[in-house]
Amino acid sequence: MAPLDRITAYADELTAIRRDFHENPELGFEEVRTSGIVAEKLRSWGVEVTTGIGKTGVVGVIEGNRPGKTIGLRADMDALPIHETTNLPWASKTPGIMHACGHDGHTTMLLGAARYLAENRDFAGRCVLIFQPAEEGLGGGRAMIADGLFKKFPCDEIYAMHNSPYHEPGVIGVKKGPAMAGANFFDITVRGVGSHAASPEHSRDPIVIMSALVGQIQSIVSRNVAATEQIVLSITQFHAGAAYNVIPEEAKICGTVRYFSRETADKVSDRMRALCSGFASAHEVEIDCDIRNVFDVLENDPALAEAMIGVAQEFVGDKAQIKDQLVMGSEDFADMLHVVPGAYCTVGHGGSVPLHNPGFYLDDGILPLGASLFARLMEVRGAS
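**Student:** What am I meant to see in the packing of aromatic side chains here?
**Tutor:** Tallied over the full model, the rule gives one aromatic pair. In this arrangement the basic side chain of Arg 19 is found over the ring face of Trp 90, its NZ or CZ atom lying 3.4 Å from the centre.

Below, the structure written as structure tokens:
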């Protein structure tokens, strides 16, 4: 049977697996239960399993019945520190943590493909199933690579996908070349002098200093970077104080820079550090500025992007297309693509709530399609 026919036959089982993952979300590098279930399922289908790659990562290997290429298929497993508000029967049972990005669905899709390939094995080559931890800014991809992922399991090509509530069901898109932004994260801490709120003259108020610094940092892109460059700087956290009548000693902000040019990102980082240094001197306080790279720019191999769309068109026809829009969001599959050539696509589904939203929900109808696309990529690319 074709992958979609066979996988659709056990779609209800995939839905049950996905909803179980959704009810029991785990943050990055804490996916002990999730990775345990993944490993158990793979072993039950006769898949060779290795655990503990990148702490909680799992790798499965399925040998085809004839020689061919080694193809990597990757899915992420981690959830986000967001409190779910969907009130679905399978909503998260863990307060403050939910699968708000659909990684439970990605993991389930790859499991669905693994079952099909393990039962069938009528393909050329070797399939390396990569279940990655900690995609959400914690560097799970880099951790697996540092742990010898591609030395232990060398791949000729690698593929991954992400659900999209922003596109109609079945719409599949791949962009050739640079596709998703690289990302820096930053933490800036002002250490001033606290005082009673009634006597601010005895303080070096970190809240006032940080408030002014925020305004200056937000002007870096608009006043130091050419308008033709695509770069975003967003401050996403501001922490200070714990009482109504106390000026605190510290204030802290956190945020992210998304970019397509590392040179431009470095220019922004230099300006951030210079502003922090200047503010520290002007206000006689200490300011720590920690800026770190967490994702590279995701670049799809042009030929393999075309190949991925060609496989997708077998399932959805003209709904699978090469796209030309850059995405300012980031994805740490980028780090794997810097080691092994491959491609990354988005798959539209029936959900309508944005990613990383407490009301996000995944349309389970996408599961057989995603699993079939993974499986067919192995069949086609392994024999190429």
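**Student:** I keep staring at helix 7 (residues 206-218) and nothing clicks. Help me out?
**Tutor:** Helical geometry note: an α-helix holds 3.6 residues per turn, so side chains three or four residues apart project in the same direction. Given a rise of 1.5 Å per residue, 13 residues ought to cover 18 Å, and the 18 Å separating the end C-alpha atoms of helix 7 matches this to within 8%. The set of residues buried in helix 7 consists of Pro 206, Ile 209, Met 210, Leu 213, Val 214 and Ile 217. For helix 7, the arc enclosing every buried residue in end-on projection is 140 degrees, short of the 170-degree limit, so these residues lie on one face. Where helix 7 begins, one side-chain oxygen reaches toward the backbone nitrogen of Ile 207, 2.9 Å away; that side chain belongs to Asp 205.

**Student:** Help me understand the sheet that holds strand 12 (residues 250-259), please; the structure alone is not making it clear to me.
**Tutor:** Pairing between the strands of a sheet is mediated by backbone hydrogen bonds and can be parallel or antiparallel. Spatially, four strands are ordered 10-12-8-13 in an open sheet, and the strand pairing comes out antiparallel. With one partner strand each, in any of the chains shown, strand 10 (231-240) and strand 13 (286-295) form the two edges of the open sheet. Going across the sheet, the axis of each strand differs from the next one's by a mean of 15 degrees, ignoring polarity. Alignment of strand 8 (residues 182-191) against strand 12, held across 10 bridges, turns out to be antiparallel. Looking across to strand 12, one finds that Asp 187 is bridged to Cys 254. Against the sheet, helix 7 makes contact with strand 8, strand 10, strand 12 and strand 13, and its axis sits at roughly 170 degrees relative to strand 10, the strand it touches most. Of the strands in this sheet, strand 8, strand 10, strand 12 and strand 13 are in contact with helix 9 (residues 262-283), which crosses strand 13 at around 165 degrees.

**Student:** Is there a simple way to think about the pairing of strand 3 (residues 66-76) in this case?
**Tutor:** Two faces make up the sheet, and in a regular strand the side chains alternate between them. Direction of pairing for strand 3 relative to strand 4 (residues 124-132): parallel, over a ladder of eight bridges. Bridge assignment links Arg 74 to a residue of strand 4, and that residue is Ile 130. Handedness of the crossover joining strand 3 and strand 4 through helix 4 (residues 103-120) is recorded here as right-handed. Across four bridges, the pairing between strand 3 and strand 5 (residues 157-164) is parallel. What sits directly across from Ile 71, in strand 5, is Glu 157.

**Student:** Help me out: how do you make sense of the side chain of Thr 256 in this one?
**Tutor:** Mapped onto the fold, Thr 256 is located in strand 12. Reaching out from Thr 256, the side chain makes a polar contact with the backbone oxygen of Asn 184 at a distance of 3.0 Å.

**Student:** Explanation requested: helix 10 (residues 302-316) in the structure shown.
**Tutor:** If you check helix 10, its first and last C-alpha atoms are 21 Å apart, about what 15 residues at 1.5 Å a residue would give, namely 21 Å. Listed in full, the buried residues belonging to helix 10 are Leu 304, Ala 305, Ala 307, Met 308, Ile 309, Val 311, Ala 312 and Val 316. Where helix 10 is buried, its residues touch strand 5, strand 6 (172-175), strand 14 (298-300), strand 15 (320-323), strand 16 (342-348) and helix 12 (367-382). Sitting at the amino-terminal end of helix 10 is Asp 301, which places a side-chain oxygen 3.1 Å from the backbone nitrogen of Ala 303.

**Student:** Honestly, the sheet that holds strand 1 (residues 48-53) in this entry has me stumped. Any pointers?
**Tutor:** The strand order across the open sheet built from eight strands is 1-2-4-3-5-16-6-15, with neighbouring strands paired in mixed fashion. Edge positions in the sheet fall to strand 1 and strand 15, since each has one partner strand and no second. Within the sheet, the average angular offset between the axes of one strand and its neighbour, ignoring direction, is 25 degrees. Examined bridge by bridge, strand 6 and strand 15 share four bridges and lie parallel to one another. Bridge pairing in strand 15 places Lys 175 opposite Lys 323. Along the sheet, helix 4 makes contact with strand 2 (57-63), strand 3, strand 4 and strand 5, crossing strand 3 at roughly 160 degrees.

**Student:** Looking at this structure, I do not really get the nonpolar core. What am I missing?
**Tutor:** Across soluble globular proteins, nonpolar side chains show a tendency to be buried alongside one another. Residues Leu 42, Ile 62, Leu 73, Leu 117, Leu 129, Phe 131 and Ile 172 are the most contacted members of the largest nonpolar core, which totals 57 residues. When near neighbours in sequence (up to four residues on either side) are disregarded, Leu 129 contacts Leu 42, Val 47, Val 58, Val 59, Gly 60, Ile 62, Leu 73, Leu 110 and Ala 114. The next biggest cluster of nonpolar side chains, apart from the first, holds 27 residues, and it includes Val 257, Val 285, Ile 291 and Val 297.

**Student:** I'm lost on the packing of helix 4 against helix 12 in this one. Help?
**Tutor:** For the pair helix 4 and helix 12, interaxial distance at closest approach is 8 Å and the crossing angle is 50 degrees. Relative to helix 12, the element helix 4 is oriented oblique. Between helix 4 and helix 12 lies a crossing whose hand is right-handed. Two secondary-structure elements touch here, helix 4 through Gly 105, His 106, Thr 108, Met 109, Leu 110, Gly 112, Ala 113, Tyr 116, Leu 117 and Asn 120 and helix 12 through Leu 367, Gly 370, Ala 371, Phe 374, Ala 375, Met 378 and Glu 379.

**Student:** Can you walk me through the environment of Ala 242 in this structure?
**Tutor:** Its place among the elements puts Ala 242 in the loop between strand 10 and strand 11 (246-247). Separated by 122 residues in the primary sequence, Ala 242 and Asn 120 place their C-alpha atoms 60 Å from one another.

**Student:** Explain the pairing of strand 5 here, please?
**Tutor:** Of all eight residues in strand 5, eight are buried; the element is thus mostly enclosed. Covered by surrounding structure in strand 5 are Glu 157, Tyr 159, Met 161 and Asn 163 together with Ile 158, Ala 160, His 162 and Ser 164, the residues of both alternating faces. As defined by bridge partners, strand 5 adjoins strand 16 across seven bridges and the pair is classed as parallel. Bridge pairing in strand 16 links Ala 160 to Tyr 344.

Definitions and limits used
- Residues numbered from 1 in each chain as written.
- Predicted model: local features only at pLDDT ≥ 70, side-chain atom pairs only at ≥ 80, totals over all residues.
- Heavy atoms only, no water.
- Phe/Tyr/Trp six-rings, centres within 6.5 Å; stacked < 30°, edge-to-face > 60°.
- Lys NZ or Arg CZ within 6 Å of the ring centre and 35° of its normal.
- Helix = DSSP H or I, 4+ residues; strand = E, 2+ residues; numbered from the N terminus.
- Expected span 1.5 Å × (residues − 1).
- Buried < 20%, exposed > 50% of the residue type's maximum accessible area, 1.4 Å probe, protein only.
- Arc of directions from axis to C-beta.
- Polar contact = N/O pair within 3.5 Å; in protein donor to acceptor, adjacent residues only side chain to side chain.
- Pairing = 2+ DSSP bridges.
- Axes fitted to C-alpha atoms, helices over the stretch in contact; angles between N-to-C directions.
- Contact = heavy atoms within 4.5 Å.
- Right-handed = clockwise from strand over helix to strand, strands pointing away.
- Core = buried A, V, L, I, M, F, W, Y, C linked by side-chain atoms within 4.5 Å.
- Parallel < 35°, antiparallel > 145°, perpendicular 65-115°, else oblique.
- Left-handed = near helix turned anticlockwise from the far one by under 90°.

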